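If you want the building blocks of each chain, they are given just below.
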Amino acid sequence: MLRLAVCVSGGGTNLQALIDGINNKTIKNAEIVMVFSNNPGAYALERARNAGIEAVCRSPKDYPTRDDFNREFLSVLKSAEPDLIVLAGCLLNIPPAVVEAFPGRIINIHPSLIPSFCGKGFYGLHVHEKVLERGVRVTGATVHFVDEGTDTGPIILQKAVMIRQDDTPESLQRRVMEEAEWKILPMAVDLIAAGRVSINDGHVVIDRYEDIDL
Ligand code: GRF
């Protein structure tokens, strides 16, 4: 059973997709052992409690320095003894010490087709604002492993979403979540829990990739 620690900062719709996926068995052989948030007001914490999952919050504001917060963050994560850490709408800069403590065991969902519209400053609604500003015709979402960079780790899954001419950043964000994020994040967790995902020379290899129905 793959032990998941899920890090959240906002509404938690991606967390909910994981909870629902485990409950309806589209995600097999995995359990969420802890939900962590840096934001006391995150509704994602409420979703965790409603699902009977340990919900832990540590706010950077409560620590004298960012280093103090990062040490506590790492300590809390280690206490959960996770096999995989999932960043699901997590707006924290992940400290190098956390990446080093869990090499190849942290994944993130990003609301664009990396390497487009990603990196510093590209999070939440800002991503979709820039997508519409640029006038691209296709966007989507990406699940990737987390390394020391920002949105730079090996890509696991991606799913495209067509842009409509009447889209607003809000309508586009919603459709990218519905059509892409909430599908590929649970799928990526299920594939990892099934032992079908490996990293070879910086690229992800998925066993029987052709069988995947995105
Ligand atoms: C969403 O915009 C998602 O694309 C990004 O974080 C935001 C909040 O997601 N990953 P959630 O509803 O908290 O999962």
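Attention here is on the structure that accompanies the text. Everything numeric in this text was worked out from a predicted model, so none of it was measured.

All right, on to the overall build of the chain then. On a plain count of helices and strands, the chain comes out with six helices and nine strands. Relative to the compact-globule value of 17 Å for 214 residues, the chain shows a C-alpha radius of gyration of 17 Å, a close match. A principal-axis box enclosing the C-alpha atoms of the chain has dimensions of 45 × 40 × 35 Å. For the chain, with 214 residues in total, the buried portion stands at 49%. Taking all contacts inside the chain whose residues are at least 6 apart in sequence as the whole, residues at least 24 apart take part in 62%. Of the roughly 10,600 Å² of accessible surface on the chain, 48% is carried by carbon and sulfur atoms.

Bringing the packing of helix α5 (residues 125-134) against helix α6 (residues 169-193) into the picture now. Packing of α5 against α6 leaves a shortest axis separation of 9 Å and a crossing angle of 115°. It follows from the interaxial angle that α5 and α6 lie roughly perpendicular. The handedness of the crossing between α5 and α6 comes out as right-handed. Where α5 abuts α6, its residues L125, H128, E129, V131 and L132 lie against P169, E170, L172, Q173 and V176.

Next up on the list: the sheet that holds strand β7 (residues 155-162). Pairing is mixed in the open sheet, where seven strands are placed in the order β3-β2-β1-β4-β5-β6-β7. The sheet is open, and its two edges are formed by β3 (55-57) and β7, each paired on a single side. Strand-to-strand twist in this sheet, taken as the mean axis angle between neighbours without regard to direction, amounts to 20°. Note that strand β4 (residues 84-87) and strand β5 (residues 106-110) share three bridges and pair parallel.

Okay, the state of the cysteines next. Within this structure, the stated rule accounts for zero disulfides. Looking at C57, it has no disulfide partner, and the nearest cysteine sulfur is the one in C90, 11 Å off. Accessibility expressed as a relative area gives 27% for C57, which makes it partly exposed. C7 provides the cysteine sulfur closest to C90, a residue in no disulfide bond, and the two sulfurs are 5.0 Å apart.

Let us look at the site of the ligand. Taken together, G10, G11, G12, T13, N14, G89, I109, P111, G124, Q173, M177 and E181 are the residues near the ligand. In the model, an oxygen atom of the ligand is placed 2.8 Å from a nitrogen or oxygen of the G12 main chain. Within the side chain of Q173, an N or O atom sits 2.7 Å from an oxygen atom of the ligand. Relative to its unbound accessible surface of 360 Å², the ligand loses 88% to contact with the protein. Listing elements by their share of the shell around the ligand, those giving two or more residues are α1 (13-23) and α6. Considering each element in turn, the shell around the ligand owes the most residues, three residues, to α6. A class-by-class count of the residues in the shell around the ligand yields three nonpolar, eight polar and one charged.

All right, on to the nonpolar core then. The biggest cluster of nonpolar side chains holds 46 residues, and the ones touching the most others in it are I32, V86, I107 and I156. Per-element tally for this core: the top contributor is α6, with ten residues. Setting aside chain neighbours within four positions, we find V86 in contact with L4, A5, V6, C7, L18, I107, L185 and V189. Counting residues in hydrophobic clusters, the runner-up holds 22 residues, among them A5, C7, V33 and V56.

Next up on the list: the pattern of salt bridges. Where charged atoms of side chains with opposite charge meet at close range, the side chains can pair. Counted by the stated rule, this structure contains nine salt bridges. Between D68 and R71 there is a salt bridge; the shortest N-O distance is 2.7 Å. With a gap of three residues between them, D68 and R71 both fall in helix α3 (residues 66-79), about one helical turn apart. With relative accessibility at 24%, the residue D68 sits in the partly exposed group.

Cut-offs and rules
Residues numbered from 1 in each chain as written. Predicted model: local features only at pLDDT ≥ 70, side-chain atom pairs only at ≥ 80, totals over all residues. Heavy atoms only, no water. Helix = DSSP H or I, 4+ residues; strand = E, 2+ residues; numbered from the N terminus. Rg over C-alpha atoms; globule rule 2.2 N^0.38 Å. Buried < 20%, exposed > 50% of the residue type's maximum accessible area, 1.4 Å probe, protein only. Contact = heavy atoms within 4.5 Å. Areas by Shrake-Rupley, 256 points an atom, 1.4 Å probe, with all protein chains shown as cover. Axes fitted to C-alpha atoms, helices over the stretch in contact; angles between N-to-C directions. Parallel < 35°, antiparallel > 145°, perpendicular 65-115°, else oblique. Left-handed = near helix turned anticlockwise from the far one by under 90°. Pairing = 2+ DSSP bridges. Disulfide = S-S within 2.5 Å. Near = heavy atom within 4 Å. Polar contact = N/O pair within 3.5 Å; in protein donor to acceptor, adjacent residues only side chain to side chain. Nonpolar A, V, L, I, M, F, W, Y, C, P; charged D, E, K, R; others polar. Core = buried A, V, L, I, M, F, W, Y, C linked by side-chain atoms within 4.5 Å. Salt bridge = Lys/Arg side-chain N within 4 Å of Asp/Glu carboxyl O.

Nothing here speaks to function; it is geometry throughout.
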